[in-house]
Amino acid sequence: MNIGKFEIGSGRAFIIAEIGNNHNGDLNKAYQLVDVAVSVGADCAKFQMRHLDEVYRQKSLNKSGEDLGTEYILDLLERFELDKEFHRKLNAYCIEKGILYLCTPWDNKSVDILETFPVPAYKVASADLTNVYLLDRLIETKKPLILSTGMSNTEEILFTRNYLQNAKAQFVFLHCNSTYPAPLQDINLNWMTQLKGFHPYIGYSGHERGINVTLASIAMGAMVVERHLTLDRNMEGPDHAASLEVGEFTKLVQGIREIEQALGTGQQERKLSQGEMINRENLAKSCVAAKPITKGTTITKEMIKVLSPGQGLSPQKINDLIGKKIKRDMLEEDYFFPSDLSEKKIEPKQYRFKRPWGVPVRYHDFQEYYARVKPDLFEFHLSYSDMELDPSKFLNGTYDCEFVIHAPELFEGSHLMDLATPDDAYRNISLKETQRVIDITRSLKKYFPKTKKPFIVANIGGISMDGNLPKEILPSYYERFGKSLQQLDMEGVELIPQTMAPFPWHFGGQRYQNIFVQIGEIEEWCKKLNLRMCYDVSHTMLTCNHFGLDFYDFSKRIAPFTAHIHMGDAKGFNGEGLQVGEGEIDFQRLGKIFSEFAPNAWFIPEIWQGHKNGGEGFWIALEKLEGIL
């Protein structure tokens with residue numbers, strides 16, 4: 001198998017400098033990155049090409065109530081995509097500099113354009129490993145394919161292997177964890193041994209910090225190695241933080257310890273990490289309706305399209321879907337869901353609890369939920385684009401329930417909320433945006449007259465990228481947060497910080513959380529700042545697992561400060577937002593703690609993608625929690 005003059009599997013690894021969109025839409029920066037790729041000895045410089053109207057649903061492109069992560073990704077892609085003719089110039093520039101030009105096409109139209117270039121092979125992104133429509137077009141080119149396996153489980157990888165082998169395609173599978181940066185404990189480098197058992201040509205696409213794990217992949221048999229390249233890791237965009245700068249070779253000393261963490265167990269079944277699930281939802285493909293479909297209609301192939309985001313039924317299930325009678329009316333581009341393959345659909349009922357309960361919503365789906373179920377409260381999760389919307393387009397009259405607001409943690413311009421940072425300019429932006437959230441919250445009170453002083457749930461900051469902050473400086477972060485509270489006009493609302501996990505996910509990658517994690521600090525600063533908390537039990541279970549703490553003791557201690565609860569299960573160090581009963585939490589025991597120490601606290605189920613398929617995940621969780629809370 002050859003890519004240009006390079007023989008894959010010859011004992012010399014083929015090294016890809018993945019530039020992707022790290023040029024941030026600037027052709028001159030792209031030329032600079034090609035020069036850097038040449039200088040560091042890479043064998044090729046790789047870019048990405050996509051036509052957004054071919055890749056995403058029109059509803060997603062119009063940002064009509066899309067998920068928060070998808071909105072962020074689309075915002076960056078619209079700004080950073082290079083003009084297609086610029087790719088032709090880059091191809092010529094690579095030839096001039098003596099380095100191969102490769103590209104990842106995200107849609108068939110991009111393949112058609114690239115076929116007019118001298119492109120020796122194609123890269124397939126993790127998000128498209130299951131996209132058989134794109135694979136069919138790539139197979140037609142009869143060129144070698146390099147496929148990343150991030151975001152996919154074992155069954156999906158084997159499906160694509162068989163699909164390509166039946167078509168007699170030449171291909172390489174790259175082991176990959178699709179989070180940016182990827183936490184070391186999620187990489188599981190030993191799984192490359194399993195991958196080699198599936199297919200003889202393997203490699204590694206890395207997104208971890210530093211270079212040592214990638215070096216270890218060579219010892220594991222990688223024939224192709226791909227790493228992201230950037231001019232500056234601090235630039236805006238989701239990939240820079242997981243990229244390498246020229247000087248990163250100095251990190252070699254860290255290799256031994258990093259490799260020890262990254263080797264993993266090599267388990268038979270590939271499981272998706274939390275960060276990968278987030279990115280799969282935002283970037284992968286789903287089966288969607290190609291046109292409006294009436295309830296009772298038998299599904300045909302012509303009624304199905306494959307489009308991003310990956311929040312519906314996998315394209316690998318197309319043949320299972322064909323011939324089924326649909327049990328609901330569907331609009332064009334509505335998702336198909338796994339429940340469309342079964343005979344049963346889960347519907348809400350009027351649940352009974354000893355405390356006020358509710359469900360999370362966005363503006364766009366509030367009326368649908370309010371028509372189907374009558375909880376005590378609704379928690380509105382705002383995105384930064386929601387803050388530009390007119391609530392009167394979604395709400396009218398008054399509603400016989402309470403409401404809560406969940407503030408965005410990401411604002412326009414990739415600005416994470418941070419009311420505790422020592423960077424005053426950055427904190428001032430957070431203050432300005434948080435005040436807008438407060439003003440919006442006050443404006444919603446007229447629709448919910450029962451709510452006298454609505455809660456605003458907030459992740460208030462204190463995040464670092466590459467490691468935890470020194471403990472001795474943490475009090476200054478809490479003090480700055482206290483100062484921020486004094487600067488905000490909070491008349492008529494109550495801001496309640498959320499308990500945080502030690503490794504939050506931002507932009508599909510792992511970060512480090514430094515405040516509102518440890519129970520002793522939470523107790524101390526709740527008293528000093530006169531705060532109440534939103535107790536996210538899933539976050540805190542991860543905290544207790546990481547630090548070896550007693551979760552139920554933590555729960556007893558925080559309960560007296562708890563005004564509101566986010567209920568979800570958890571497992572390990574980053575298995576967040578799991579369905580009730582699918583993690584490690586004993587909810588019977590937890591329910592007794594809440595009954596004794598936080599009898600009046602409100603709660604909502606917070607289940608990863610619980611809103612999908614009409615709130616199916618929420619209804620399952622509420623059913624399981626009845627009789628406990």
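These figures come from a predicted structure and were not determined experimentally. (Residues numbered from 1 in each chain as written. Predicted model: local features only at pLDDT ≥ 70, side-chain atom pairs only at ≥ 80, totals over all residues. Heavy atoms only, no water.)

## Observations regarding the overall build of the protein chain
- Within the protein chain, the regular secondary structure consists of 22 helices and 28 strands.
- In terms of C-alpha radius of gyration, the protein chain reaches 25 Å, essentially the compact-globule figure of 25 Å for 629 residues.
- Overall, the protein chain is about 70 × 65 × 45 Å in size when its C-alpha atoms are taken along their principal axes.
- Of all 629 residues assigned to the protein chain, the portion counted as buried reaches 61%.
- Across the protein chain, every contact between residues at least 6 apart in sequence was considered, and the portion connecting residues at least 24 apart equals 73%.
- Taken as two groups, the 72 positive and 84 negative side-chain charges of the protein chain have centres that lie 3 Å from each other. (Helix = DSSP H or I, 4+ residues; strand = E, 2+ residues; numbered from the N terminus. Rg over C-alpha atoms; globule rule 2.2 N^0.38 Å. Buried < 20%, exposed > 50% of the residue type's maximum accessible area, 1.4 Å probe, protein only. Contact = heavy atoms within 4.5 Å. Lys, Arg positive; Asp, Glu negative; His and termini not counted. Charge placed at Lys NZ, Arg CZ, Asp CG, Glu CD.)

## Brief notes about helix α8 (residues 154-166)
- With 13 residues, α8 ought to run about 18 Å at 1.5 Å a step, and its terminal C-alpha atoms sit 18 Å apart, in line with that.
- Burial in α8 covers these residues: Thr 154, Glu 156, Ile 157, Thr 160, Arg 161 and Leu 164. What you see down the axis of α8 is that its buried residues fit within an arc of 165 degrees, all on one side. Relative to its buried face, α8 has exposed residues pointing more than 90 degrees away, namely Glu 155 and Asn 166.
- Looking at the buried positions of α8, the neighbouring elements they touch are α7 (132-141), β7 (145-148), β8 (171-176), α10 (191-198) and α13 (274-283).
- Here α8 starts with a cap whose side-chain oxygen sits 3.2 Å from the backbone nitrogen of Glu 155, and that cap is Asn 153.
- Once α8 ends, the next one or two residues include Lys 168, with phi positive near 60 degrees. (Expected span 1.5 Å × (residues − 1). Arc of directions from axis to C-beta. Polar contact = N/O pair within 3.5 Å; in protein donor to acceptor, adjacent residues only side chain to side chain.)

## Here's the deal with the sheet that holds β8
- In spatial order, the strands read β5-β4-β3-β10-β9-β8-β7-β6; together these 8 strands make up an open sheet with parallel pairing. Strands with a single pairing partner mark the edges of an open sheet, and in this sheet they are β5 (100-105) and β6 (122-124). Across the sheet, the mean angle from the axis of one strand to that of its neighbour is 25 degrees, orientation sign disregarded.
- Here strand β4 (residues 44-49) pairs with β5 via 6 bridges, running parallel. If you follow Phe 47 over to β5, its bridge partner there is Cys 103.
- Against the sheet, helix α1 (residues 27-39) makes contact with β3 (14-20) and β4, and its axis sits at roughly 150 degrees relative to β4, the strand it touches most. (Pairing = 2+ DSSP bridges. Axes fitted to C-alpha atoms, helices over the stretch in contact; angles between N-to-C directions.)

## Focus on the sheet that holds strand β18 (residues 455-458)
- The parallel open sheet is built from 5 strands, whose spatial order is β13-β14-β15-β18-β20. In this open sheet, the two edge strands, each paired with only one partner strand, are β13 (358-361) and β20 (494-497). When strand polarity is set aside, the average angle formed by the axes of neighbouring strands in this sheet is 25 degrees.
- Pairing of strand β15 (residues 402-406) with β18, which is carried by 2 bridges, proceeds in the parallel orientation. Bridge assignment links Ile 405 to a residue of β18, and that residue is Ile 456.
- Helix α16 (residues 424-444) rests against β15, β18 and β20 of the sheet, and its axis sits at about 165 degrees to β15.

## Some thoughts on the domain arrangement of the protein chain
- The domain architecture assigned to the protein chain consists of domain 1 (2-263), domain 2 (274-341) and domain 3 (358-625).
- For domain 1 and domain 3, the distance between their C-alpha centres works out to 35 Å.
- Each side of the interface is counted separately: domain 1 has 20 residues, and domain 3 has 23 residues.
- Summing the contributions of domain 1 and of domain 3, the shared interface buries around 1,700 Å²; its carbon and sulfur component is 44%.
- The three residues of domain 1 that bury the most area against domain 3 are Leu 68, Tyr 72 and Arg 209, which together make up 30% of that side's buried surface.
- Along the contact surface separating domain 1 from domain 3 lie 1 salt bridge.
- One salt bridge in this structure joins Arg 209 and Asp 466, with 2.7 Å as the shortest N-O distance.
- Linking domain 1 with domain 3 are 6 residue pairs in polar contact (both at pLDDT 80 or more).
- Going through the elements one at a time, α4 (68-80) and α9 (184-187) are the ones with two or more residues in the side of domain 1 that touches domain 3.
- Broken down by element, the residue count for the side of domain 1 that touches domain 3 peaks at 5 residues, all from α4. (Domains from an automatic or database assignment. Buried area = accessible area lost by both parts, 1.4 Å probe. Salt bridge = Lys/Arg side-chain N within 4 Å of Asp/Glu carboxyl O.)

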